Amino acid sequence: SKKRSVDAEEEKKRHAQEEVLIAEKSKLQEEGAMLRKELEMNQQQVVALQKDVKEYHEQWRTAKSMYDNELIAHASDVKRMSTIEGDLEKKDAALKQVKADYNRSLVALKEAESQQNSDKVSLQADVSSMNAKVEELKKQNKILHDELEQLTTRQAETSLGDVAGASP
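This text gives an overview of the structure that appears in the document. Keep in mind that what you see is a predicted model, and the values were worked out from it rather than measured. (Residues numbered from 1 in each chain as written. Predicted model: local features only at pLDDT ≥ 70, side-chain atom pairs only at ≥ 80, totals over all residues. Heavy atoms only, no water.)

**A closer look at the overall build of the protein**
Alright, step 1. Regarding its fold elements, the protein presents 1 helix and 0 strands.
Alright, step 2. For 168 residues, the compact-globule estimate of 2.2 N^0.38 gives 15 Å, and the protein exceeds it by more than 25% at 69 Å.
Alright, step 3. Each principal axis of the C-alpha atoms in the protein carries an extent, and together these give about 235 × 20 × 15 Å.
Alright, step 4. Burial statistics for the protein: of 168 residues in total, 1% are counted as buried. (Helix = DSSP H or I, 4+ residues; strand = E, 2+ residues; numbered from the N terminus. Rg over C-alpha atoms; globule rule 2.2 N^0.38 Å. Buried < 20%, exposed > 50% of the residue type's maximum accessible area, 1.4 Å probe, protein only.)

Structure below.
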């Protein structure tokens, strides 16, 4: 009976241990199921994150390609702008030279016009002087002509008087 009571007690203990173990097993199974669900959710998140990373990587590649193209275009524009600036500097220098030549020509023209005006005034003075001399010479010529006519008339009269005096 003692043995039975020990056996019953052991049986009770064993049964209690089995119940504890069954409860622990059930708890562990629940935890395992939760962990599997969590793992499945984590795997879904990993798949979604991998998809996002892939999309972001593609976006990055596209953006980098566009950036590289912009850099190339910008470099081309900078080179073109540098060439244009060089051409502009050359044209500015040429324009300055043309303006300087124009200003020199303008000064020379003004000097020539001034000289021409001076020459014109001098020529007009010479013409006036010559005209005065021509008038003076015309007067003297008229006087000489008148004197010559008078002299010729006197001489003719004298010759006629001589011829008339000699003929009686």
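**Points about the pattern of salt bridges**
Alright, step 1. For the structure on display, the rule yields 7 salt bridges.
Alright, step 2. A salt bridge links Arg80 to Asp77, with the nearest nitrogen and oxygen atoms 3.0 Å apart. Note that Arg80 and Asp77 are positioned in helix 1 (residues 2–166) at a spacing of 3 residues, about one turn of the helix.
Alright, step 3. According to the relative accessible area criterion, Arg80 is partly exposed, its value standing at 47%.
Alright, step 4. Put simply, Asp101 and Arg104 hold a salt bridge, and the shortest N to O gap is 2.1 Å. With Asp101 and Arg104 both in helix 1 and 3 residues apart, the pair spans about one turn of that helix. (Salt bridge = Lys/Arg side-chain N within 4 Å of Asp/Glu carboxyl O.)

**A look at the environment of Ser159**
Alright, step 1. For Ser159, the position within the fold is in helix 1.
Alright, step 2. Owing to a relative accessible area of 38%, Ser159 belongs among the partly exposed residues under this scheme.
Alright, step 3. Residues Ser159 and Ser118, spaced 41 residues apart in sequence, show a C-alpha to C-alpha distance of 59 Å.

It is worth stressing that arrangement in space is one thing and function is another; only the former is reported here.
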